[in-house]
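Residues per chain, in single letters:
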Amino acid sequence: MHHDQPQHRGFARRSMVALWGLGLLEAAVAQGAPVLAPHGAIARTQERSVAEWLERMHDASRRRNYVGTLVVSSNTGAMSSARIWHACEGQQQFERVESLTGAPRSTFRRNDEVVTFLPEARVARTERRETLGLFPDLLKSSETSIPEFYAARRLGSDRVAGFDADVVHLAPKDSLRFGYRIWTEKKSGLVVKLQTLDLDGSVLEQAAFSELQLDAPVRAEKLSQMMAATGGWRVEHTEAVKTNAASEGWHLKALVAGFRPVSCYKRPAGAAPLPEGSMQWIFSDGLAAVSLFVEAYDGKRHQQEGLFASGATQTLTRRVQDWWLTAVGEVPPQTLKAFAQNLERTR
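Residues numbered from 1 in each chain as written. Predicted model: local features only at pLDDT ≥ 70, side-chain atom pairs only at ≥ 80, totals over all residues. Heavy atoms only, no water.

Observations regarding unusual backbone geometry
A positive phi angle, near 55°, is found at R122, a position not held by glycine. Unlike most non-glycine residues, Q321 shows phi in positive territory, near 55°. Structurally, Q321 can be placed in the loop between β19 (313-320) and β20 (323-329). Exposure remark for Q321: the relative accessible area of 55% places this residue in the exposed category. (Helix = DSSP H or I, 4+ residues; strand = E, 2+ residues; numbered from the N terminus. Buried < 20%, exposed > 50% of the residue type's maximum accessible area, 1.4 Å probe, protein only.)

Regarding the packing of aromatic side chains
Scanning the entire structure with this criterion turns up nine aromatic pairs. Relative to W323, the ring of W250 lies with its centre 5.7 Å away and its plane at 80°, an arrangement referred to as edge-to-face. Residue W250 is located in strand β14 (residues 250-252), and its partner W323 is located in strand β20; the two are separated by 73 residues in the primary sequence. Classification of W323 by relative accessible area gives buried; the value is 11%. Measuring from centroid to centroid gives 4.7 Å for W281 and F283, while their planes differ by 50°, and the two rings are tilted. A residue is classified by how much of its surface remains accessible, and W281, at 10% relative accessible area, is buried. Among the aromatic residues, those joined into a ring-pair cluster are F259, W281, F283 and F339. A cation sits over an aromatic face here: R48 above W53, 4.7 Å from the ring centre. (Phe/Tyr/Trp six-rings, centres within 6.5 Å; stacked < 30°, edge-to-face > 60°. Lys NZ or Arg CZ within 6 Å of the ring centre and 35° of its normal.)

Concerning the pattern of salt bridges
Counted under the stated rule, the structure contains 18 salt bridges. With a closest N to O distance of 2.9 Å, E113 and R110 form a salt bridge. Here the residues in one salt-bridge network are R125, R234 and E236, joined through shared partners. (Salt bridge = Lys/Arg side-chain N within 4 Å of Asp/Glu carboxyl O.)

Here it is, written out as structure tokens:
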């Protein structure tokens, strides 16, 4: 079910990159170490907890208008960039993302409504992307496991896109999740650079603004008008039908430490409904996300079991009785293996 993996990536980026407020990114590799600040300067801000750091970053993404160019890359050598406009109007969030590399693509978001324009095909795809259960909601919930599985430490100061930034390391406390190094603008808390680190501390992915205008005059009304301008385009509606794993005949024999189920969908392909048992089951620890895609086994299409990596994104494929499992996540391989080993058919 590889065609559905972008749905996972959208979720995962909202989960971690809710720090930005952009749910639309691919990721990236390291360049240069931060410049360490004097010990006294570190001590003044180092007392923040992991939840306090994340809340500060998220609040900045929801309260500031900005325009910038984001460059994303991975340890595989892949690189892409996008121009981003972000506007806030009360509790409303608006975004426009124009791809600068690869096939032309314009994506607009108003809260959970998303419209993607594909000029080459003259297609506009509309969908709703839920954020319920995602960061930062987990931070405010008694069920959050972020502080239990991650520790925050301020590393020092650096400059990104002309802005002074605090450099914060979010280190995992076990081997089931990756770490993050985050550059957050000193005055506002806005994330200006993000690295995903493997268990050895090497950079798997990086996303960083190469140019940024904070408090730019971005008009939410203008973004809404552009988002609604679908005249002359073939509009395709992507509908995800809510379900739950038990109704589809699945359960996990044991939960993977720190990860809790946050949603479960069926995504019909065309007019034909998916058979019972097919689903996308999403789990999150508040920062990282894992999607379990399950579909009926097809010997012609499903031929290669294995584990594949692209930057921080790991993919595991495996046959489970008469079903085909594709597990995708920005997590270490052993985490996907734990999910696959615990997934069990109940009927």
